[in-house]
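Listed here are the chains, written in short residue letters.
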Amino acid sequence: MESRDSQKCGWRSEADSLCSESVWTGLPLGAAFTFCIVSVETRVQIQESVRGKDVFVIQTVSKDVNTTIMEMLIMVYACRTSCARSITGVLPYFPYSKQCKMRKRGSIVSKLMASMMCKAGLTHLITMDLHQKEIQGFFNIPVDNLRASPFLLQYIQEEIPDYRNAVIVAKSPASAKRAQSFAERLRLGIAVIHGEAQDAESDQVDGRHSPPTVKTTGAIHPSMEIPLLIPKEKPPISVVGDVGGRIAIIVDDIIDDVDSFVAAAETLKERGAYKIFVMATHGLLSCEAPRFIEESAIDEVVVTNTIPHELQKLQCPKIKTVDISMILSEAIRRIHNGESMSYLFRNIGVDD
């Protein structure tokens, strides 16, 4: 497919199930071969000319996330050294996005990921629903953070017949803004579950302070002693908002370890909710997640196809998929043709 001034190519690995040729609106995938040699190193061969072309590299995250990252980095670098005009990475789910804060002598891995992608040769990134929108600031290239909320809202309106009797639920205060955004668009009420166990996203484990185990008053002048921060206490679980006799729709951006969602569903059932839906953009669904969902009070889990989860759907019929390939293909077309991306962000708020 040739435009007025350039051509575009796109590749994906053999394991990717999100972006079939339909995503490219008729454009065939470029010829490339990815394989592992005997030493388990990843090798990429570009089997056609990319000189002067706009290249779009699509990579969805498999269970072997580190191999997935290396495949993309090597392919991007191969296109760069083959004199591609531009290289756009299409990562529907940005890996390591949950490690975007400093935690107890750790590192901000999202920043490292951004630096590696830019260094490899990416000139543009298309992704969807970053775990924290501030991750865009880690890049020194343009980043288009698309939203899946229009597709999830459409699913609620079309697939939940009595959704007018629903309430949008945030399973923790941290996700209240997202829940509020959904509730305002659907003209529904909101409820927030408060008091669950602190998870890795809490400020309590930020951990950049490192107090000594033994108080050494001799090392610090008495007038300069630093006051000790009072530790947090987990309050008893409570639900702020009325869910009795209603459908509860829990919204979040990622479903990985489902323990918190299962606990939230049990709490909502105890408070009188008669049907419980869970909606999220990225369905990682690790380990025993399908079995836990099947045995829980959750009636349906709705996720998009930013991550392949066909096996999980076979294990748990409660898992449903919303296709978001349409918005990715439109983003690719607009970037290649130099058109504005504002159409894809119309009516999108900061909290969406």
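About the cut-offs
- Residues numbered from 1 in each chain as written.
- Predicted model: local features only at pLDDT ≥ 70, side-chain atom pairs only at ≥ 80, totals over all residues.
- Heavy atoms only, no water.
- Helix = DSSP H or I, 4+ residues; strand = E, 2+ residues; numbered from the N terminus.
- Buried < 20%, exposed > 50% of the residue type's maximum accessible area, 1.4 Å probe, protein only.
- Lys, Arg positive; Asp, Glu negative; His and termini not counted.
- Salt bridge = Lys/Arg side-chain N within 4 Å of Asp/Glu carboxyl O.
- Polar contact = N/O pair within 3.5 Å; in protein donor to acceptor, adjacent residues only side chain to side chain.
- Contact = heavy atoms within 4.5 Å.
- Axes fitted to C-alpha atoms, helices over the stretch in contact; angles between N-to-C directions.
- Parallel < 35°, antiparallel > 145°, perpendicular 65-115°, else oblique.
- Nonpolar A, V, L, I, M, F, W, Y, C, P; charged D, E, K, R; others polar.
- pLDDT = per-residue confidence, 0-100.
- Core = buried A, V, L, I, M, F, W, Y, C linked by side-chain atoms within 4.5 Å.
- Phe/Tyr/Trp six-rings, centres within 6.5 Å; stacked < 30°, edge-to-face > 60°.
- Lys NZ or Arg CZ within 6 Å of the ring centre and 35° of its normal.

Undergrad: For this particular structure, what's the right way to read the side chain of Arg147?
TA: Here Arg147 is to be found in the loop between strand E7 (143–146) and helix H3 (149–159). It turns out Arg147 is buried and unbridged, and the closest side chain with the opposite charge, Asp129, is 4.4 Å from it. Looking at Arg147, its side chain comes within polar contact range of the main-chain oxygen of Asn145, at 2.3 Å. When residues no more than four places from it in sequence are discounted, the contact partners of Arg147 are Met128, Asp129, Lys133, Ile327, Phe345, Ile348, Gly349 and Asp352.

Undergrad: How should I be thinking about the packing of helix H1 (residues 65–81) against helix H2 (residues 109–120) in this particular structure?
TA: When two helices pack together, their arrangement is given by the angle between the helix axes and the distance between those axes. At a minimum axis distance of 8 Å, the contact between H1 and H2 shows a crossing angle of 25°. Classified by the angle their axes make, H1 and H2 are roughly parallel. For the pair H1 and H2, the contacting residues are Ile69, Leu73, Val76, Tyr77 and Arg80 in the first and Met113, Met116, Met117, Lys119 and Ala120 in the second. Its residues assigned to classes, the contact of H1 with H2 shows eight nonpolar, no polar and two charged.

Undergrad: Sorry if this is basic, but what is going on with the pattern of salt bridges here?
TA: Inspection of every chain in the model, using the stated rule, returns nine salt bridges. Between Glu330 and Arg334 there is a salt bridge, with the nearest N and O atoms lying 2.7 Å from each other. Here the residue Glu330 and the residue Arg334 both occupy positions in helix H8 (residues 325–337), the gap between them amounting to four residues, near one helical turn. Judged by relative accessible area, which is 22%, Glu330 ranks as partly exposed. Its relative accessible area of 13% is what places Arg334 among the buried residues.

Undergrad: Is there a simple way to explain the confidence of the model for the protein chain in this structure?
TA: Interpretation of this model should avoid reading the predicted coordinates in detail wherever pLDDT is low. Confidence in the prediction of the protein chain, expressed as mean pLDDT, is 86, and 83% of residues score 70 or more. Considering only residues more than four positions removed or in separate chains, one finds that residues 1–6, a stretch of pLDDT under 50, has ten contacts.

Undergrad: Please explain the environment of Gly241 as it appears in this structure.
TA: With respect to the element layout, Gly241 can be found in the loop between strand E10 (238–240) and strand E11 (247–255). Judged by its relative accessible area of 40%, Gly241 falls in the partly exposed class. Separated by 51 residues in the primary sequence, Gly241 and Ile190 have C-alpha atoms spaced 6.5 Å apart. Aside from chain neighbours lying at most four places away, what touches Gly241 is Ile190 and Ala191.

Undergrad: Which parts of the structure should I look at to understand the nonpolar core?
TA: One broad rule of soluble globular proteins: the nonpolar side chains tend to lie buried together. In this structure, Ile126, Leu146, Ile156, Ile168, Ile249, Met279 and Ile327 are the most contacted members of the largest nonpolar core, which totals 38 residues. If you list the elements that add at least two residues to this core, you get strand E4 (54–58), strand E6 (124–128), H3, strand E8 (166–170), helix H4 (176–186), E11, strand E12 (275–283) and H8. Sequence-distant contacts of Ile327, defined by excluding residues within four places in its chain, comprise Met128, Leu146, Arg147, Phe151 and Leu344. Counting 28 residues, the second largest nonpolar core, distinct from the first, contains Val76, Ala84, Phe94 and Met113.

Undergrad: Please explain the packing of aromatic side chains as it appears in this structure.
TA: The way to describe two aromatic rings as a pair is by their centre distance and the angle between their planes. Inspection of the entire model under this criterion finds one aromatic pair. On the basis of an interplanar angle of 70° and a centroid distance of 5.7 Å, the ring pair of Phe94 and Phe139 is categorised as edge-to-face. In this pair, Phe94 is assigned in the loop between strand E5 (86–91) and H2 and Phe139 in the loop between E6 and E7, connecting sequence segments 45 residues apart. The exposure classification of Phe94 matches that of Phe139, with both residues buried. Across from the ring centre of Phe261, 4.9 Å away, lies the NZ or CZ of Lys171, which sits over that ring. Between Arg346 and the ring centre of Tyr343, over which it is positioned, the NZ or CZ distance is 4.0 Å.

Undergrad: Sorry if this is basic, but what is going on with the environment of Ile332 here?
TA: Inspection of the secondary structure puts Ile332 in helix H8. Judged by relative accessible area, which is 2%, Ile332 ranks as buried. Each C-alpha atom of the pair Ile332 and Ile126 lies 8.4 Å from the other, and the pair is 206 residues apart in sequence.

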